[in-house]
Amino acid sequence: VVLSLMLVSGPSLAQEKGGIAFVDIRKALFTSKEGRSAQKQFADLEEDKRATLTPLRDEIARMGEEFERQKYVLSESALSEKRLDLMKRQRDMERDVRAAEDELELEQVRLLQPIQKKIVEVIQALGKEKGFSMILDRGAQGVVYHEESLDITDLVVKRLNES
């Protein structure tokens, strides 16, 4: 009886599988032409920020080394003044680093959000066109396994690149 139930329910499960597809939205985002272009723009901005902050870090490192060399030679007041100056520069640099990180985060959203919107539109159009009941993001928690044949990520990237 159990075997006959499994044989009867097997084909219906396979038919239901045809109505489900998976897509790796993150992969689609970063392998599409627009996604790669956005990544390049972001990397260039990130490099500009790093180039701006590197001289400050180098200066603070130099000041720290100088402070260590002179701490036994300078008077207490001169040492205190140098320590305060070093602390102020470190605090300023930390503020600049936070500002740069915030700017990078906003820029990343600005660059990626329109592409993500297009990806969703492409996925929705493919879902209707191909008659899928459901398309799940394989990167989302909860998807532990799926058949590779159900993955439509490459099709999404192709459509995205064509638009």
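Residues numbered from 1 in each chain as written. Predicted model: local features only at pLDDT ≥ 70, side-chain atom pairs only at ≥ 80, totals over all residues. Heavy atoms only, no water.

J.: Even after reading the chapter, I still don't get the overall build of the chain, so can you show me in this structure?
T.: Of the regular secondary structure elements, the chain holds 5 helices and 2 strands. What you see in the chain, going N to C, is helices and strands ordered as α-β-α-α-α-β-α. Expressed as a percentage of its 163 residues, the buried residues of the chain come to 25%. Sequence separation of at least 24 residues holds for 81% of the intrachain contacts in the chain that already meet a minimum separation of 6. Surface accessibility of the chain: about 11600 Å² in total, with carbon and sulfur atoms responsible for 55%. (Helix = DSSP H or I, 4+ residues; strand = E, 2+ residues; numbered from the N terminus. Buried < 20%, exposed > 50% of the residue type's maximum accessible area, 1.4 Å probe, protein only. Contact = heavy atoms within 4.5 Å. Areas by Shrake-Rupley, 256 points an atom, 1.4 Å probe, with all protein chains shown as cover.)

J.: Quick question: what am I supposed to make of the confidence of the model for the chain here?
T.: Caution applies to low-pLDDT regions: their predicted coordinates should not be interpreted in detail. Across the chain, the average pLDDT comes to 85, with 88% of residues at 70 or higher. In this model residues 1-17 is a low-confidence stretch, pLDDT under 50, and it forms 2 contacts with partners more than four residues away in sequence or in other chains. (pLDDT = per-residue confidence, 0-100.)

J.: Where do I start with the environment of glutamate 59 in this structure?
T.: Secondary-structure assignment places glutamate 59 in helix H3 (residues 33-70). Separated by 31 residues in sequence, glutamate 59 and glutamine 90 have C-alpha atoms that sit 9.9 Å apart.

J.: How do you make sense of the pattern of salt bridges when you look at a structure like this?
T.: Oppositely charged side chains can pair when the atoms bearing their charge come close. The final tally for this structure, using the stated rule, is 18 salt bridges. Among the salt bridges present, the one from lysine 49 reaches glutamate 103, with a minimum N-O distance of 2.7 Å. Residue lysine 49 is located in helix H3, and its partner glutamate 103 is located in helix H4 (residues 76-130); the two are separated by 54 residues in the primary sequence. The structure contains a network of salt bridges with shared partners spanning Lys88, Asp92, Arg95 and Asp96. (Salt bridge = Lys/Arg side-chain N within 4 Å of Asp/Glu carboxyl O.)

J.: How should the layout of surface pockets be read in this particular structure?
T.: Where empty space is left becomes clear once a probe the size of a water molecule has been rolled over the atoms. The computed volume of the largest pocket comes to approximately 150 Å³. In this structure, the largest pocket is lined by Glu46, Lys49, Arg50, Leu53, Arg57, Val97, Ala100, Glu101 and Leu104. Elements with a minimum of two residues in the lining of the largest pocket: H3 and H4. Top contributing element to the lining of the largest pocket by residue count: H3, with 5 residues. Looking at the lining of the largest pocket residue by residue, the classes come out as 4 nonpolar, no polar and 5 charged. (1 Å grid on protein atoms, 1.4 Å probe; cavity = no way out; pocket = protein on both sides within 12 Å on 5 of 7 lines; lining within 4 Å. Points joined across faces, edges and corners; volume = space filled by probe spheres on them. Nonpolar A, V, L, I, M, F, W, Y, C, P; charged D, E, K, R; others polar.)

J.: Any chance you could explain the packing of H4 against helix H5 (residues 153-162) here in plain terms?
T.: Packed helix pairs are characterised by how far apart their axes lie and by the angle those axes make with each other. Between H4 and H5, the least distance of the axes is 10 Å, while the angle of their chain directions is 115°. Relative to H5, H4 is oriented so that their crossing is right-handed. Two secondary-structure elements touch here, H4 through Ile115, Lys118, Ile119, Val122, Ile123, Leu126, Glu129 and Lys130 and H5 through Leu155, Val156, Arg159 and Leu160. Partitioned by chemical class, the residues of the contact of H4 with H5 number 8 nonpolar, no polar and 4 charged. (Axes fitted to C-alpha atoms, helices over the stretch in contact; angles between N-to-C directions. Left-handed = near helix turned anticlockwise from the far one by under 90°.)

J.: What is the right way to read the side chain of aspartate 24 from this model?
T.: With respect to the element layout, aspartate 24 can be found in the loop between strand E1 (20-23) and helix H2 (25-31). Arginine 138 provides the closest opposite charge to the buried, salt-bridge-free aspartate 24, at an N-O distance of 4.4 Å. Separated by 3.3 Å, the side chain of aspartate 24 and the backbone nitrogen of arginine 26 make a polar contact. Among all residues touching aspartate 24, those that are not within four sequence positions of it are Asp137, Arg138, Asp151 and Thr153. (Lys, Arg positive; Asp, Glu negative; His and termini not counted. Polar contact = N/O pair within 3.5 Å; in protein donor to acceptor, adjacent residues only side chain to side chain.)

J.: I keep staring at H4 and nothing clicks. Help me out?
T.: Turn by turn, an α-helix covers 3.6 residues, leaving residues three or four places apart pointing in a common direction. Taking 1.5 Å of rise per residue, the 55 residues of H4 would be expected to cover 81 Å, and the 78 Å separating its terminal C-alpha atoms lies within 8% of that figure. Directly beyond the C-terminal end of H4, a positive phi value near 75° is found at glycine 131. (Expected span 1.5 Å × (residues − 1).)

J.: Explanation requested: the nonpolar core in the structure shown.
T.: If you look at soluble globular proteins, the nonpolar side chains tend to sit buried side by side. Counting 19 residues, the largest nonpolar core has Ile115, Ile119, Ile152 and Val156 as the members making the most contacts within it. Residue assignment for this core shows that the elements contributing at least two residues are E1, H2, H3, H4 and H5. With 8 residues, the single largest contributor to this core is H4. In this view, isoleucine 115 contacts Leu29, Ser32, Glu34, Gly35, Ala38 and Leu160; residues no more than four positions away in its chain are not counted. Counting residues in hydrophobic clusters, the runner-up holds 7 residues, among them Ile60, Met63, Met93 and Val97. (Core = buried A, V, L, I, M, F, W, Y, C linked by side-chain atoms within 4.5 Å.)

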